Amino acid sequence: MRIAVGQFAATEDWPANLKSCLALVDQAVAGGADLLVLPEDSLALFIDEPARIAEVAQPLDGPFVTALAERTAGTSVTVVAGLHEPAGDGKVFNTLVAVRDGALVTSYRKIHLYDAFGSRESDRVRPGDGEPVVFDCAGWAVGLMTCYDVRFPEIARLLADRGAEVIALPAAWVRGPAKERHWEVMTVARALENTCYVAASGECGRRNIGASMIVDPLGTVRARLADAPGLAWATADREELDEARRRLPVLANRRFAVDPAIRPLEEWC
Ligand SMILES: O=C(O)CNC(=O)[C@H](CS)NC(=O)CCC(=O)C(=O)O
C-alpha cells in the first residue's frame, strides 16, 4: 500500500483550507497513493481565538467533508483528515473522517483532549466515547487516533487489539521546548510497541511543527517532512510487517491486557 502524509498551513478561512487539502489529494492521487493522511482540524485553525472553532464547525454531511469525498470519486485513494463537528451544546467534537470514492467510510472523535502546556481543549471540545475505530483500506487494517492521543499508549494498543496494521495519526502539534522530540519519540514508540506502521500528519502553520512522518513496524522513520507544506511517501509492505512481527513478537509476548472497562468518562474532563 502506497501511503502519503500531507501537511499545509491551516488558516481561519475554511474554503482556503479545503483548497489546500484538495491540492494535496490531487498530488497524492497522481503519485498513486492508496492512503493519504492530512492534519487534525484541516477545516480551520483558530490559534488566537479557539472559541471560534464552534462557529465554523461542520457536520459530516457538510460542505467540507462532501467536497473532500467528491475529490476521491473514481480514484483509489482513501483520505483521512480532521475537522470539528458540532456537538449540539455549543461544544464541538474533534473528529477524523476517512473518505473514499465519493463517500464517508468512517469517523473517529478524539478521545484525549489537549489540556496540557496551558491549553484547555476540553473547554470547547467534547471527547469521543472511547470506541477505537479500525477500517479496511486496500486490504490493510487502518486504525485512527488524533494528536494528543499519541501520548496515551492504551489507545494505540486497543487499535492493535482490533487488528490495526497501520495507524493514521493526524495532528496539530504545538511548538515548544523538547516538543519536537516528544512527537518523534511517541510516534515511533507507538509504531514499535505495536509493530505497526504509523502515518502521522502535522499541521505546519506558525503555531505547529509540521514534522509529518511515516514510521515502519520496527521504528524506522521512512519519510519525514520539516515545517513546509507538502507530501511524504512510503510503502507499507505485507511481507515486511509479517517479518517484523516474527522477529519482534511483542504483541504475542504480552502479559497484560488494556482493561476495556476503563473508558474516557465525561467527568474526567
Ligand atoms: O484545536 C484546533 O484547532 C486543532 N487542534 C489542536 O491544535 C490540538 C488540540 S488544541 N492540538 C493538540 O492536541 C496538540 C498536542 C500537543 O502538542 C502535545 O501533546 O504536546
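Residues numbered from 1 in each chain as written. Predicted model: local features only at pLDDT ≥ 70, side-chain atom pairs only at ≥ 80, totals over all residues. Heavy atoms only, no water.

You'll find the chain entered in an unreviewed UniProt entry as Hydrolase, with Actinoallomurus iriomotensis given as the organism. In the Sequence similarities (unreviewed entry) part of its UniProt record, the chain is described as follows: "Belongs to the carbon-nitrogen hydrolase superfamily. NIT1/NIT2 family." (UniProt positions renumbered as here; feature names shortened; annotations may be inferred.)

Novice: It is not clear to me how the site of the ligand should be interpreted in this structure. Could you clarify?
Specialist: The environment of the ligand is formed by 18 residues, the closest being Asp41, Lys110, Arg151, Lys179 and Arg207. Between the ligand and the protein, one listed contact pairs an oxygen atom with a side-chain N or O atom of Lys179 at 2.8 Å. Here Arg207 contributes a side-chain N or O atom positioned 2.2 Å from an oxygen atom of the ligand. Taken by itself the ligand offers 490 Å² of open surface, and the protein chains cover 99% of this. By residue class, the composition of the shell around the ligand is nine nonpolar, one polar and eight charged. (Near = heavy atom within 4 Å. Polar contact = N/O pair within 3.5 Å; in protein donor to acceptor, adjacent residues only side chain to side chain. Areas by Shrake-Rupley, 256 points an atom, 1.4 Å probe, with all protein chains shown as cover. Nonpolar A, V, L, I, M, F, W, Y, C, P; charged D, E, K, R; others polar.)

Novice: Is there a simple way to think about unusual backbone geometry in this case?
Specialist: Both trends apply: most residues other than glycine have a negative phi, and most peptide bonds are in trans. The residue Asp41 is not glycine, and still its phi comes out positive at about 50°. Along the chain, the position of Asp41 falls in the loop between strand 2 (35–37) and helix 2 (53–56). Overall, Asp41 belongs to the buried group, its relative accessible area being 4%. With phi around 45°, Cys147 is a residue other than glycine that occupies positive phi space. Mapping Cys147 onto the fold places it in the loop between strand 8 (140–144) and helix 4 (153–161). (Helix = DSSP H or I, 4+ residues; strand = E, 2+ residues; numbered from the N terminus. Buried < 20%, exposed > 50% of the residue type's maximum accessible area, 1.4 Å probe, protein only.)

Novice: Teacher, can you tell me more about the packing of aromatic side chains here?
Specialist: For any pair of aromatic rings, the description consists of the separation of the ring centres together with the inter-plane angle of the planes. A complete count under the given rule lists four aromatic pairs for this structure. On the numbers, 5.1 Å between centres and 75° between planes, the contact of Tyr148 with Phe152 is edge-to-face. Overall, the relative accessible area of 23% leaves Phe152 in the partly exposed class. One aromatic cluster in this structure is built from Tyr114, Tyr148 and Phe152. Its guanidinium or amino end placed over the ring of Phe93, Arg109 lies 3.8 Å from that ring's centre, counting from NZ or CZ. The ring of Trp140 has Arg238 lying over it, and the distance from NZ or CZ to the ring centre is 4.1 Å. (Phe/Tyr/Trp six-rings, centres within 6.5 Å; stacked < 30°, edge-to-face > 60°. Lys NZ or Arg CZ within 6 Å of the ring centre and 35° of its normal.)

Novice: I keep staring at the side chain of Ser212 and nothing clicks. Help me out?
Specialist: With respect to the helices, strands and loops of the structure, Ser212 is situated in the loop between strand 10 (197–202) and strand 11 (213–215). A residue is classified by how much of its surface remains accessible, and Ser212, at 0% relative accessible area, is buried. Sequence-distant contacts of Ser212, defined by excluding residues within four places in its chain, comprise Val5, Gly6, Gln7, Ala200, Ser201, Gly202, Ala223, Arg224 and Leu225. (Contact = heavy atoms within 4.5 Å.)

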